[in-house]
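Working through the structure, step by step
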Amino acid sequence: MAKKIKYAGKRVLLAIFIFFYPVKVLGKKNLPDGGALIVSNHFSAIDPAIMHRVYYKDIYFLAKKEIYEKKIWHGILNRLGAIPIDRENVDLPSMMKAIRTLKEGHKLVVYPEGTRNKTGSNEIQEVKAGAVLFSIKAKKPIVPVIAYKKSKLFRRTYLYVGEPFEFSEFYDKKLTGQDYKELDVVLKEKMVEARKTLIDLVENGNNRSKK
């Protein structure tokens, strides 16, 4: 019963968000069943809510712990599946919770750029270390989900779900910091590739074939 109430509350919140910030999801068929790490570009504080348009039931996301300093956000963040994390220090409890969330078969959203893109460009920014580790430790695929641009009130935007990929050859290996840096490069390449596909679908009118 409690779970049903939680989902009902989430549905209400998302319905409100989608009314004010309409979103069309392209490539949704690429989203795999079971646990997966969703990596996305980041424009605004409402991005996590918009992301729930892709898959609302069992989706969680990492949120900087500073947001939780304002009690007004606690209820909303908890309903949306936020996992607070300290970005300035090694936060092992939150990292383990994120890995456990993936292992349990849920979707976990992370923003590898580390912070919101305020450059005025929709280019993928520098990828920070950390995201790849969750996928490898949980042995789950990575799915790039790219936003076309910053969401604006009553203005439709687009999300594109790219093809999932895995670093399965590294699942049972002890990796160095350099290894993770090299995998971060691959991660960014995959995000850039998904962004190019999204731009083609939206700007060249090909989005009808990518439901």
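For every chain, the first residue of the written sequence is number 1, and numbering continues from 1 along that sequence. Only residues with pLDDT of at least 70 are given local features in this predicted model, and only at 80 or more are side-chain atom pairs given and counted; all residues enter the totals for whole chains, interfaces and linings. Only hydrogens and water are set aside; all other atoms, that is, all heavy atoms of the structure, feed into the side-chain values.

Each residue's exposure class comes from its accessible area (1.4 Å probe, protein chains only) as a fraction of the maximum for that residue type: buried when under 20%, exposed when over 50%, partly exposed otherwise. Comment: elements are numbered from the N terminus, with helices defined as DSSP H or I runs of at least four residues and strands as E runs of at least two. Here strand S1 (residues 23–26) shows no split at all, with Val 23 and Val 25 on one side and Lys 24 and Leu 26 on the other all buried. Whether two strands pair depends on DSSP finding at least two bridges between them. Of the strand pairs in this sheet, S1 and strand S7 (residues 157–161) are connected by 4 bridges, and their pairing is parallel. For Lys 24, the partnering residue across the bridge sits in S7 and is Tyr 158.

Time to look at helix H5 (residues 131–138). Among the 8 residues of H5, 6 are classified as buried, and the element is accordingly described as predominantly covered. Along H5, the positions that sit buried rather than exposed are Ala 131, Val 132, Phe 134, Ser 135, Ile 136 and Ala 138. In this structure, the buried residues of H5 make contact with strand S2 (36–39), strand S3 (59–64), helix H4 (92–103), strand S5 (107–110), strand S6 (142–147) and helix H6 (177–203). Where H5 terminates, the next one or two residues include Lys 139, which has phi positive at roughly 55°. We call two residues contacting when some pair of their heavy atoms lies within 4.5 Å.

A few words on H4. Every helix has an expected span of 1.5 Å times one less than the residues it contains. For H4, spanning 12 residues, the distance from its first C-alpha to its last is 16 Å, which sits close to the expected 16 Å at 1.5 Å a residue. Of the positions making up H4, those classed as buried are Ser 94, Ala 98, Ile 99, Thr 101 and Leu 102. Around the axis of H4, the buried residues are gathered within 155° of arc, so they sit on the same side. Facing away from the buried surface of H4 by more than 90 degrees, the exposed residues are Leu 92, Pro 93 and Lys 103. Buried residues in H4 make contact with S2, S3, strand S4 (82–85), S5 and H5. As used here, the arc belongs to the directions running from the helix axis to the C-beta atoms.

Turning to the pattern of salt bridges, a few remarks are in order. Throughout this description, the term salt bridge denotes a Lys or Arg side-chain nitrogen within 4 Å of a carboxyl oxygen of Asp or Glu. Applying the stated rule across the entire model yields 3 salt bridges. For the salt bridge of Glu 126 with Lys 128, the shortest nitrogen-to-oxygen distance reads 3.8 Å. Residue Lys 128 is classed as partly exposed on the basis of its relative accessible area of 39%. In this structure, Lys 139 engages Asp 172 in a salt bridge whose closest nitrogen and oxygen atoms are separated by 2.8 Å. A residue pair is termed long-range when its members are at least 10 positions apart, and Lys 139 in the loop between H5 and S6 and Asp 172 in the loop between S7 and H6 qualify at 33 residues. Lys 139 sits in the partly exposed class, given a relative accessible area of 40%. Residue Asp 172 is classed as exposed on the basis of its relative accessible area, which comes to 67%.

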